[in-house]
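Structure at a glance
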Amino acid sequence: MIRSLFKYLRDSRGIAAIEMAFIMPFLLLLYFGLVDLTAMISLNRKITYTASVVADLVAQNDTTLASTLFPDYINAAELIIKPTPIANARVEVFQFHQDPVTKAISSQWRYSSTGGSNCSTTAPSTTGMGTLMTDGNDLVVARVCITYSPYVASFMGTKILGATSFLMTEQIALRPRQSSTLACTGCVTTAYP
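A brief report on the enclosed structure follows. (Residues numbered from 1 in each chain as written. Predicted model: local features only at pLDDT ≥ 70, side-chain atom pairs only at ≥ 80, totals over all residues. Heavy atoms only, no water.)

Section: the state of the cysteines
Considering all chains together, one arrives at two disulfides under this definition. Across the protein chain, the disulfide pattern expressed with sequentially numbered bonded cysteines is 1-2, 3-4. (Disulfide = S-S within 2.5 Å.)

Considering the nonpolar core
Core analysis: the biggest nonpolar cluster contains 27 residues, and Val 58, Leu 65, Phe 70, Val 93 and Trp 109 have the highest contact counts within it. Counting only elements with at least two residues in this core, the list comes to helix H2 (15-59), helix H3 (70-81), strand S2 (89-98), strand S3 (105-112) and strand S4 (139-148). At six residues, the largest contribution of residues to this core is made by H2. Setting aside its immediate chain neighbours within four residues, Val 93 contacts Val 54, Val 58, Phe 70, Trp 109, Arg 110, Tyr 111, Val 140, Val 141 and Ala 142. Formed by seven residues, the second largest nonpolar core is a distinct cluster that contains Met 129, Met 133, Val 141 and Tyr 192. (Core = buried A, V, L, I, M, F, W, Y, C linked by side-chain atoms within 4.5 Å. Buried < 20%, exposed > 50% of the residue type's maximum accessible area, 1.4 Å probe, protein only. Helix = DSSP H or I, 4+ residues; strand = E, 2+ residues; numbered from the N terminus. Contact = heavy atoms within 4.5 Å.)

Quick notes on the sheet that holds S2
The four strands lie next to each other as S3-S2-S4-S5, forming an open sheet whose pairing is antiparallel. Each edge of the open sheet carries a strand with a single partner, namely S3 and strand S5 (166-174). For this sheet, the mean angle separating the axes of adjacent strands, direction not counted, is 20 degrees. Pairing of S2 with S4, which is carried by eight bridges, proceeds in the antiparallel orientation. Each residue of the ladder has a partner; that of Glu 92, found in S4, is Arg 143. Sheet contacts for H2: S2, S3, S4 and S5; angle to S5, the most-contacted strand, approximately 30 degrees. Contacts between H3 and the sheet are confined to S2, S3 and S4, with S2 contributing the most and set at about 130 degrees to the helix. (Pairing = 2+ DSSP bridges. Axes fitted to C-alpha atoms, helices over the stretch in contact; angles between N-to-C directions.)

Quick notes on the packing of aromatic side chains
Considering all chains together, one arrives at five aromatic pairs under this definition. Here the aromatic rings of Tyr 31 and Phe 32 are separated by 5.2 Å at their centres, their planes lie at 75 degrees, and the arrangement is edge-to-face. Given a relative accessible area of 49%, Tyr 31 falls into the partly exposed group. An aromatic cluster of three or more residues is present, and its members are Phe 70, Tyr 73, Trp 109 and Tyr 111. (Phe/Tyr/Trp six-rings, centres within 6.5 Å; stacked < 30°, edge-to-face > 60°.)

Brief notes about the pattern of salt bridges
Evaluated as defined, the whole model comprises two salt bridges. A salt bridge links Arg 177 to Asp 56, with the nearest nitrogen and oxygen atoms 2.2 Å apart. Of this pair, Arg 177 sits in the loop between S5 and strand S6 (183-185) while Asp 56 sits in helix H2, placing them 121 residues apart in sequence. As a salt-bridge pair, Arg 143 and Glu 92 come within 2.8 Å of each other at their nearest N and O atoms. Placement of the pair is Arg 143 in strand S4 and Glu 92 in strand S2, with a sequence separation of 51 residues. (Salt bridge = Lys/Arg side-chain N within 4 Å of Asp/Glu carboxyl O.)

Everything listed here is a matter of coordinates, which is why it stays silent on function.
In structure tokens form, the structure reads like this:
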């Protein structure tokens, strides 16, 4: 009996399986974590570039912009964020104007695409916009947001990340290029949202 006990203790045939059982969950978590991290960095760059392109396209218009041009701008955004579907993204464009007397900054018009979830419950903050409007110009702000669901959250739930999805958003502000003001025909003029 003692002899078989020593033989059992010296047997090393199952060591690899035991080590694999301890190490494999960590390796899988590390692998999917790196996949999520690189996907989030890539998506963040696409969102930033999309906001920049949309703001630039709007700012290139002359004194008046027609709301019928926005589907073309959304098509440009779709090409940038592929393979993510444009239906998962929300593109919002705001125009801000500063009153020359009171220096109060307010949104004159806005446009919002129909895809994705709301970027925010409020319009972009006007803090710091006054320094960009020193010449009496308007300001165009493009905001893009996408809800990202990490792979790790799909099988780990909220245990590691605290949530199963994250709202990634970026906004870019530009001055109109052709004139100091930019009106929009057919755009929403009521308060946000």
